[in-house]
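# Structure assessment
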Amino acid sequence: MNLLPLALKNLMRRPLRTAFSLVGLALSVAVLASLLSFGQGYESSLHGEIDRMGMQMMLVPLGCPYDGAARVLKGRTLDNSLPQSALAGARADRDVAVAAPIYTAVLPRPDQGRTDLWVGIDEATRELKPWWKMTSGSHWFSGENSVILGADAAATEMRRPGDKLYSPETKTELTVAGVLERSGTSDDSQFFVPLATAQRMFRQPGRLTAIAIRLKDPANVGPAADRLQQTRGAQVVTLTEMMGAFLTLLGAARKLLVAITLVAVVIGSLSVFNTMMAAVLERTQELGVLRAIGLTRTGAFALMLTEALLLTTLGGLIGFGLSLAAGPGIQQAIRPFIPLAPEGGIPGLTPAAAVRCLTLMTAVGLFVGTYPAWRASRLAPAVALRWDG
Amino acid sequence: MQARSIGFLIGCVAIVSAVIASLRFAPSNEVTFPVSAIHTTSSGVEAAGLCPWRSPKDDLQALFPGADHYEQHLVILSDLRLDISQRLGPNGLLDANGIYAYRVTRGGKSVGSILAQRAAGEYGAIEYVMAVAPDGSLAGVRLQRQREPDAIARTITSPAFLKAFAGKTAASPFHLGGDLPAVAPAARQTARSLVDSVRRLLIEFTVAREHGR
């Protein structure tokens, strides 16, 4: 006997009840799949973004090192700064291949709906970011009053190489030397100026926000960090440590959310269990007839189990659909609350998350379907036929 | 009964598809906003051709006092390319395939439209909004954002300069120092760019309206 059409038909007898069970399961699966996918996507995006930064550690001013490094990586300013003398010390270290000074300043103009992110850099940044590509007609800083624009900054300000750009807040007139091609990182929205120009614009001569460091051999990160940690007024944060801290934070939050979602899955499963038990009771006589005309105990068991599996699998599939649809919205909603959110899109529903959820739904179907199926298989035809509900 | 089962399955799939479609691929080109819900848009990076309307509440108060509602409408221009280019005159190439227009109403009655646009100033982008009356004439122009040096900024933000746009139509000449105030040489490039942009946007919108958009 082909059980699938019969199971489908049985589910259709109470479409409203079936629909409610499906909705409960679908919603919990959608949230679960979104959470699992987001975690995986965030981790891989973060790895990708940190790889593209081309450095292993940063020297930041004293304070919370993770907060400091995260702010610098996103082009945000810090409350305090480093003396430029720290740069010479870093460059003199035997394990340091590149030490790139950074001075960042943020000029928010909420009345105009704009925030200018100014970043002072020197030639070392080119070594640190060899993947930077410039648009046609662009070149490196040609003088102290030149500026290189990130792709989005140039688009927003309608600037091309050779155009002028003015900073009203610092009364500085600059010439656009180049425009970076879009990289999908925070560089896209920044205004890069020579380090000395940034220090002059913001009246911070001899001060740095951070120093980005690439080592000759990344394996020496430990000894190099220990030596650089001795720099006066500075502290070292390695990107491995920083990423670990962020992933730990995210992991803790995700575990809590997954636990809550699993409770929702359990509630949805109980709803399916209730549906299946009600179905067995409602169809006792019918099962008796089926048994009387030759349906085996195994057949009755398999029929009810198929119904439960069909319900949970269908709920899971609808949940995937909801997760795909709501994924970008969920991303946008939680992005501001996570540390060092990657600039580019975080991948949506991942195959791994889909497989996990589908496995979970199958397990749920088996778990909640077994007892009602067993009850159905134990019905004696004679008793069942006399059953009056 | 098997047909009903299949129908049920198809129904489930259809519901999910409809939800996905409505959330992700909504082809709607209209969004409505009550004025009570208006808020200033936050800063952020946006596509060069799509200029956000940053201060609807303030702009409506200044340009269409008493307006209580507006709705966003995407005006497609790509098939009007030839008409628009001819109206723009020499070198008048269409540079956008569509513009967002905000239809403004007061007590359910249309009072005009608002358009937001970005023009290339000498030292950075200038974002402005312009109000178009139901008869197609300009009801006003307001600047949203600019980053010009003080001397230029004073000129282009001066009420005398901005008020001179009022009453202009797509057929008006838009000459600096003629029907529009003369400006100092230092401000000429930026003012010219702004004036050209306003004229272009007004022509694009007028042609679209003439074609029932």
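Scroll up for the structure.
Residues numbered from 1 in each chain as written. Chains lettered and ligands numbered in written order. Predicted model: local features only at pLDDT ≥ 70, side-chain atom pairs only at ≥ 80, totals over all residues. Heavy atoms only, no water.

Here we come to the overall build of chain A. Within chain A one finds 13 helices and 11 strands. Taken as a whole, chain A presents about 17,100 Å² of accessible surface, with 62% of it coming from carbon and sulfur. (Helix = DSSP H or I, 4+ residues; strand = E, 2+ residues; numbered from the N terminus. Areas by Shrake-Rupley, 256 points an atom, 1.4 Å probe, with all protein chains shown as cover.)

Okay, the nonpolar core next. Where a protein is soluble and globular, its nonpolar side chains tend to be buried together. Formed by 42 residues in total, the largest nonpolar core has its most connected members in Leu32, Leu36, Val272, Met304, Phe320, Cys357 and Met361 of chain A. When residues of this core are traced back to their parent elements, those giving at least two are helix H1 (3–12), helix H2 (15–53), helix H9 (239–282), helix H10 (284–292), helix H11 (297–334) and helix H12 (351–378) of chain A. Excluding residues that lie within four positions of it along the chain, Met304 of chain A makes contacts with Met276, Ala279, Val280, Arg283, Pro372, Ala373 and Ala376 of chain A. Among the nonpolar cores identified, the runner-up in size contains 38 residues, and Tyr123, Met130, Ile152 and Phe174 of chain B belong to it. (Core = buried A, V, L, I, M, F, W, Y, C linked by side-chain atoms within 4.5 Å. Buried < 20%, exposed > 50% of the residue type's maximum accessible area, 1.4 Å probe, protein only. Contact = heavy atoms within 4.5 Å.)

Residues and elements named next belong to chain A. With six of its eight residues buried, strand E7 (residues 172–179) lies for the most part within the structure. Sheet topology places strand E5 (residues 146–149) next to E7; four bridges connect them, and they run parallel. Of the residues in E7, the one forming a bridge with Ile148 is Gly178. Counting the residues between successive antiparallel strands, the hairpin from strand E6 (residues 164–167) to E7 contains four residues, one of them, Lys171, with a positive phi of roughly 55°. (Pairing = 2+ DSSP bridges.)

With that settled, the discussion passes to the side chain of His73 of chain B. Residue and element names in this part refer to chain B. Relative to the helices and strands, His73 is located in strand E2 (residues 69–76). On the basis of relative accessibility, which here comes to 10%, the residue His73 falls in the buried class. At 3.3 Å, the side chain of His73 forms a polar contact with the side chain of Arg103. (Polar contact = N/O pair within 3.5 Å; in protein donor to acceptor, adjacent residues only side chain to side chain.)

All right, on to the packing of aromatic side chains then. Summed over the entire model, instances satisfying the criterion amount to 11 aromatic pairs over all chains. Clustering of aromatic rings is evident, with ring pairs tying together Phe273, Tyr371 and Trp374 of chain A. For Lys168 of chain B, the ring lying beneath its charged end belongs to Phe174 of chain B, and the centroid distance is 5.9 Å. (Phe/Tyr/Trp six-rings, centres within 6.5 Å; stacked < 30°, edge-to-face > 60°. Lys NZ or Arg CZ within 6 Å of the ring centre and 35° of its normal.)

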